[in-house]
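The lines below spell out each chain.
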Amino acid sequence: MDHSALLTDAFDRIQETVHSTLADLPADALTFRVDAKANTIAWLIWHLTRVQDDHVAGVAGTAQVWTSGGWVERLDLPFPVADIGYGHSADEVAKVRTGTDLLREYHDAVHDRTVDYVQTIGPDDLDRIVDENWDPPVTLGVRLISVVSDDLQHAGQAAYVRGIYERR
């Protein structure tokens, strides 16, 4: 099996869900909340993209698209530059206010960087230890699958919120 093609397919599925969730989405839908403490579509898409950007840049040994591509300035969010949204409070979730085009463009830039990276790794690279802070230590393969899993869950949540918004 071609591991690079398999990983590319997985990341493509995330991108497809992000695109379909954001397609023709009214501006007020981005910040719609199912309840006062629920995550918004804007936060979910931003967060899943930040996680992918942060984690893939970390294992690739490259700068994050967030900073190198000027996205921190373009999205102009009130968080520290290194913030990826992990552990955000309901108040912090509400601070992610941006347009669908910027979210999609940032996600696409991260997706492109991710796919470029997975094309460079060989099958033996997947066993490389990338994080010794866990027991057992995390391999590159496990880290990439972890990103796919986290991102697909958040993309699905964003699509679900969109569905609720449309049926209210």
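Residues numbered from 1 in each chain as written. Predicted model: local features only at pLDDT ≥ 70, side-chain atom pairs only at ≥ 80, totals over all residues. Heavy atoms only, no water.

Draft legend 1. Region of interest: the layout of surface pockets. In this model, the largest pocket occupies a volume close to 350 Å³. Lining the largest pocket are 14 residues; nearest its centre among them are Val51, His55, Trp134, Arg143 and Ser146. Of all the elements in the fold, those that place two or more residues in the lining of the largest pocket are helix H2 (41-60) and helix H7 (140-167). Among the elements that make up the lining of the largest pocket, the one with the highest residue count is H7 (six residues). (1 Å grid on protein atoms, 1.4 Å probe; cavity = no way out; pocket = protein on both sides within 12 Å on 5 of 7 lines; lining within 4 Å. Points joined across faces, edges and corners; volume = space filled by probe spheres on them. Helix = DSSP H or I, 4+ residues; strand = E, 2+ residues; numbered from the N terminus.)

Draft legend 2. Structural detail: the packing of aromatic side chains. Enumeration over the complete set of coordinates arrives at five aromatic pairs. Here Phe32 and Tyr165 contribute two aromatic rings whose centre-to-centre distance is 5.5 Å and whose plane-to-plane angle is 70 degrees, an arrangement assigned as edge-to-face. In this pair, Phe32 is assigned in the loop between helix H1 (3-22) and H2 and Tyr165 in helix H7, connecting sequence segments 133 residues apart. Judged by relative accessible area, Phe32 falls into the buried class, the value being 17%. Exposure remark for Tyr165: the relative accessible area of 12% places this residue in the buried category. Chaining the aromatic ring pairs together yields one cluster made of Trp46, Trp66, Trp71, Phe79 and Tyr106. We note Arg74 situated over the ring of Trp71; from NZ or CZ to the ring centre the distance is 3.9 Å. (Phe/Tyr/Trp six-rings, centres within 6.5 Å; stacked < 30°, edge-to-face > 60°. Buried < 20%, exposed > 50% of the residue type's maximum accessible area, 1.4 Å probe, protein only. Lys NZ or Arg CZ within 6 Å of the ring centre and 35° of its normal.)

Draft legend 3. Inspection of the packing of H1 against helix H6 (residues 100-118) at higher detail. Where H1 contacts H6, the two axes come as close as 10 Å, and the packing angle between them is 175 degrees. Taken together, the axis directions place H1 and H6 in an arrangement best described as roughly antiparallel. Across the interface between the two elements, Ser4, Leu7, Thr8, Phe11, Asp12, Ile14, Gln15, Val18, His19 and Leu22 from H1 touch Thr100, Leu103, Arg104, His107, Asp108, His111, Thr114, Val115 and Val118 from H6. Residue composition of the contact of H1 with H6, grouped by class: eight nonpolar, eight polar and three charged. (Axes fitted to C-alpha atoms, helices over the stretch in contact; angles between N-to-C directions. Parallel < 35°, antiparallel > 145°, perpendicular 65-115°, else oblique. Contact = heavy atoms within 4.5 Å. Nonpolar A, V, L, I, M, F, W, Y, C, P; charged D, E, K, R; others polar.)

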